[in-house]
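A structural walkthrough
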Amino acid sequence: VLFRSVTSLWGPSGAGKSTLVQLSQRKYPPLSGEICFNGTRCEDLELTHLRTLIGVVPQSIGVFNASLAENILLGRSAVGLQEIEERLAACGLGTLCRRFELGLRTLLGEEGRRLSGGELELLGLARALFAEPALLIVDEGFSAMDVELQRALGRVIRRYSRDHAVLLIAHNLETLRETDYLYLLVQGRIVEQGDPRALLQREGLFQTLLPAMSGSIQE
């Protein structure tokens, strides 16, 4: 994953994209090979420390019957609501609390029933960015957002990538178009890589696998 850029991972269903995310967090060990973080093998890093280095926005966002602040913290410490607001503002998510009537004090209800799909994903990103992880992974995390919110979060991620590594796992062509470098994963192997626009302009597996109807990625 490149700093000062946004990298994407794409591949057909079952290619191993989400498995790679699990492996990077040592949810289970690889059967062969090794995964390194900044040149250090993941198994050589203390597990809790490794997971503080990686922030993940998963496909499914769990919500507890608690306040918005508590759902962002998930047991992590903060001096008070002002500190949470300041951290959100620092990573470009300061408008998050203004989407709720009582701000960070808003009770989200059982299983987040008060939240729209886009708000759930926004919560997931706030959780992931709160501790400012060295690596941010978004695993199909913005599929339920409207276009305006997607663009706003795209700007947040682009700014975050200036000093951190960012990996997006996505099927949406507009999302892929905005990334700087793409890896194509098929059956657990990287088979093509490069600028996503350049990959679309030349004959190859990436061009073949993408739906022919998607003219939105063209210049």
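Right above here is the structure, for reference.
Every chain's residues receive numbers from 1 upward, in the order its sequence appears when written. pLDDT decides what is reported in this predicted model: residues at 70 or higher carry local features, side-chain atom pairs at 80 or more are listed and counted, and totals for whole chains, interfaces and linings draw on all residues regardless. Values shown for side chains rest on all heavy atoms present in the structure; no hydrogens or waters enter the calculation.

Here we come to the nonpolar core. In this structure, Ile72, Leu93, Leu136 and Leu153 are the most contacted members of the largest nonpolar core, which totals 36 residues. Segments assigned H or I by DSSP are reported as helices when at least four residues long, segments assigned E as strands when at least two residues long, and all are numbered from the N terminus. Secondary structure elements with two or more residues in this core: α3 (68-73), α4 (81-90), α5 (117-130), β5 (135-139), α6 (147-160) and β6 (165-169). At seven residues, the largest contribution of residues to this core is made by α5. The contact definition used throughout considers only heavy atoms, calling two residues in contact when any of these lie within 4.5 Å. Beyond its immediate sequence surroundings of up to four residues, Leu93 is in contact with Leu88, Leu122, Leu125, Ala126, Leu129, Leu153 and Val156. Residues Cys42, Leu135, Ala165 and Ile169 belong to the second largest nonpolar core, which totals 15 residues. Buried Ala, Val, Leu, Ile, Met, Phe, Trp, Tyr and Cys residues that are joined via side-chain atoms within 4.5 Å together make up what is termed a nonpolar core. Only protein chains enter the calculation, and the probe is 1.4 Å; a residue is then buried if its accessible area is under 20% of its type maximum, exposed if over 50%, and partly exposed in between.

On to a nonpolar patch on the surface, then. Patch definition: residues with relative accessible area over 30% and no salt bridge; like charges joined within 9 Å; nonpolar side chains (Val, Leu, Ile, Met, Phe, Trp, Tyr) joined within 5 Å. Note on areas: Shrake-Rupley, 1.4 Å probe, and residue coverage restricted to the protein chains presented here. Note on definitions: salt bridges are taken to be side-chain nitrogens of Lys or Arg within 4 Å of carboxyl oxygens of Asp or Glu. A contiguous nonpolar surface patch, about 210 Å² in accessible area, is contributed by Val191, Leu205 and Leu209. The topology assignment puts Leu205 in helix α9 (residues 205-209).

With that out of the way, let us pick up the sheet that holds strand β4 (residues 54-57). Spatially, β4-β5-β6-β1-β7-β8 is the arrangement adopted by the six strands of the open sheet, whose pairing is mixed. Pairing within the sheet leaves two strands with one partner each, and these edge strands are β4 and β8 (189-194). Averaged over all adjacent pairs, the angle separating strand axes in this sheet is 20 degrees, with direction ignored. Strand pairing is defined by DSSP finding a minimum of two bridges between the two strands. Where strand β1 (residues 6-10) lies against strand β7 (residues 181-186), four bridges are found, and the strand directions are parallel. Opposite Thr7, over in β7, you have Tyr181 as the bridge partner. Helix axes are fitted to C-alpha atoms over the stretch in contact, other axes to C-alpha atoms as well, and angles between N-to-C directions run from 0 to 180 degrees.

Interaxial distance between α5 and α6 falls to 12 Å at its minimum, and their mutual angle equals 10 degrees. If you check the angle between α5 and α6, you find them roughly parallel. On the side of α5, the interface is formed by Gly118, Leu122, Leu125 and Leu129, while α6 contributes Leu149, Leu153, Val156 and Tyr160. Residues of the contact of α5 with α6, tallied by class, amount to seven nonpolar, one polar and no charged. Small angles under 35 degrees read as roughly parallel and large ones over 145 as roughly antiparallel, with 65 to 115 read as roughly perpendicular and the rest as oblique. Only Asp, Glu, Lys and Arg are considered charged in this grouping, and only Ala, Val, Leu, Ile, Met, Phe, Trp, Tyr, Cys and Pro are considered nonpolar; every other residue, Gly among them, is considered polar.

Turning to the environment of Ile84, a few remarks are in order. With respect to the helices, strands and loops of the structure, Ile84 is situated in helix α4. Taking the C-alpha atoms as reference, Ile84 lies 9.9 Å from Ala126; in sequence the two are 42 residues apart. Excluding residues within four positions of it along the chain, Ile84 makes contact with Ala69, Leu73, Ala78, Leu104 and Phe130.

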